[in-house]
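Results of the structural survey
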Amino acid sequence: MTNWDRFLETFFNAKMMARYLPDILQGALVTIQIAGLVIVCGLLLGLALALLRSIGLRPLNLLIVFVVDLFRALPPLVIIVFIYFGLPASGVKNWGFIATWLSLTFVLMAFSEEIFWAGITSIPKGQWEAARSTGLSFGQTLINVVLPQALRLTIPPLTNRTIAITKGTALASVVAVGEILGMASSAVSNSYNPSPLTMAAIGYLILFLPLVVFGRWLETRMAWKR
Amino acid sequence: MLDTFANAEIARQAWPILLAGLGNTLLLSVVVVPLGLLGGLILSVTATSFHHPLVRYPLMAWVDFFRAFPPLVLLILLFAGLPFAGIQITGFACVCIAFFLNTGAYYGEILRAGIESVPSGQTEAARSTGLGRLQTMLFVVLPQAVRNVLPDLLSNTLEVVKLTSLGSVVAMPELLFQARQAQSLTYNPTPIVLAAAVYFVLLWPLVRLLSRLENRALAARK
């Protein structure tokens, strides 16, 4: 047996791969669930905070800025570990899943609020004044005039940030969630063969590579305005 | 409530353990940030110096490959996979390799955008005064490129420092790892709360600075 054969036998063992493929697929489903929940909840919360901030109440704004700074400064893994081990709800079913979901949602909320807010503030004051003078209310101006222009500007940085944070779903394996990496790790320790891990790596590439390429495409497409 | 989350007695006991962890986190950051920058520099300078598609596309694929890979997966793949290939490797070496590959790809993208933002007239003028290609890159193009993408570079550096918490998964005794050790010894989450507070105090100034820089950058883009 040559070295190359031995390498294939170890890392691309067909028997092992076939045996653990169902596990990895099941894990992929969990990864997609967490990712979907995080993206929807995080972006909506971020937008909501940015809109609240545009009202301009000083105490409220200070609070929003503090929360945003907090979740930008803390490593996601620290937040997950804190919620998982710290909060006294460890008896709840699927607590690891919930802890990961909450943590990444808060992180994405913080980063997307910053980006949405930067987009809103980049709209010239004249737009506000013109819209208000035609009789639109504050809310109407914000939703119908400012946001459509602001969102355009925020799409490329928002996409890249969302992808980067969504990759954090792999952190769920640290708090015993059976997503791709968690499934693969336990498969490796059960079978004493690293092939499931190779499969997991391929699985992540299948999930995230299209997103990264899409983000790159979006960035070049939207670059005309700079 | 206070007894559980901010137990003064446990905090006092855990403090020296956490402090050792903080030292390791800082040490790790001082190693992996330059390592990632080096990787990014190699990628970006190569990509912008050779315009041949045979150089450009493989580099782009390399960068996208490592940007699509969650860093934790890369780290576990190295840490759990390499021993099967007969390579004995420490957690620290795994972290270094993983960060070189992962954060190098991110830094590479940022620096490439920076280098491309410097007008080609700068290169032409420098070359016509007799500077070599390397000299032009080092003394004329790179300083301007770095200045143009400074917010992004800082933002990525913040992410890298935060990412060192992944070291806890491969038993690197950094801040989070130490906090979890202390927590499992005392059956009390206070050390984790304390570790989170340390991270926050350490990184908050950088977050504030970035938030200012980013707002300014996006407003100027109009």
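Residues numbered from 1 in each chain as written. Chains lettered and ligands numbered in written order. Predicted model: local features only at pLDDT ≥ 70, side-chain atom pairs only at ≥ 80, totals over all residues. Heavy atoms only, no water.

With respect to the environment of B:Val169
Among the structural elements, B:Val169 can be located in the loop between α8 (150-163) and α9 (175-186). Classification of B:Val169 by relative accessible area gives partly exposed; the value is 30%. For B:Val169, the contacting residues outside a window of four places in its chain are A:Leu77, A:Val174, B:Leu72 and B:Ile76. (Helix = DSSP H or I, 4+ residues; strand = E, 2+ residues; numbered from the N terminus. Buried < 20%, exposed > 50% of the residue type's maximum accessible area, 1.4 Å probe, protein only. Contact = heavy atoms within 4.5 Å.)

A short note on the packing of aromatic side chains
Considering all chains together, one arrives at 15 aromatic pairs over all chains under this definition. Ring plane angle 90° and centroid distance 6.1 Å describe the contact between A:Phe66 and B:Trp204, whose orientation is recorded as edge-to-face. Here A:Phe66, found in helix α3 (residues 58-73), pairs with B:Trp204, found in helix α10 (residues 190-220), and the two come from separate chains. Connected via pairs of aromatic rings, a cluster forms that spans A:Trp4, A:Phe7, A:Phe11 and A:Phe12. (Phe/Tyr/Trp six-rings, centres within 6.5 Å; stacked < 30°, edge-to-face > 60°.)

Considerations on a nonpolar patch on the surface
Residues and elements named next belong to chain A. On the surface, Trp4, Phe7, Leu8, Phe12, Ile202 and Ile206 cluster together into a nonpolar patch covering about 590 Å² of accessible area. Elements represented by at least two residues in the nonpolar patch include exactly α1 (3-11) and α9 (195-222). Among the elements that make up the nonpolar patch, the one with the highest residue count is α1 (three residues). Among the structural elements, leucine 8 can be located in helix α1. (Patch = residues over 30% accessible without salt bridge, like charges linked within 9 Å, V, L, I, M, F, W, Y side chains within 5 Å. Areas by Shrake-Rupley, 256 points an atom, 1.4 Å probe, with all protein chains shown as cover. Salt bridge = Lys/Arg side-chain N within 4 Å of Asp/Glu carboxyl O.)

Structural notes on the nonpolar core
A:Leu181, B:Leu72 and B:Val95 are the most contacted members of the largest nonpolar core, which totals 98 residues. Filtering out sequence-adjacent residues up to four positions away, A:Leu181 remains in contact with A:Ala170, A:Ser173, A:Leu197, A:Tyr204, B:Leu72, B:Val73 and B:Ile76. By size, the runner-up hydrophobic cluster in this structure holds 11 residues, among which are A:Ile115, A:Trp128, A:Val146 and A:Leu147. (Core = buried A, V, L, I, M, F, W, Y, C linked by side-chain atoms within 4.5 Å.)

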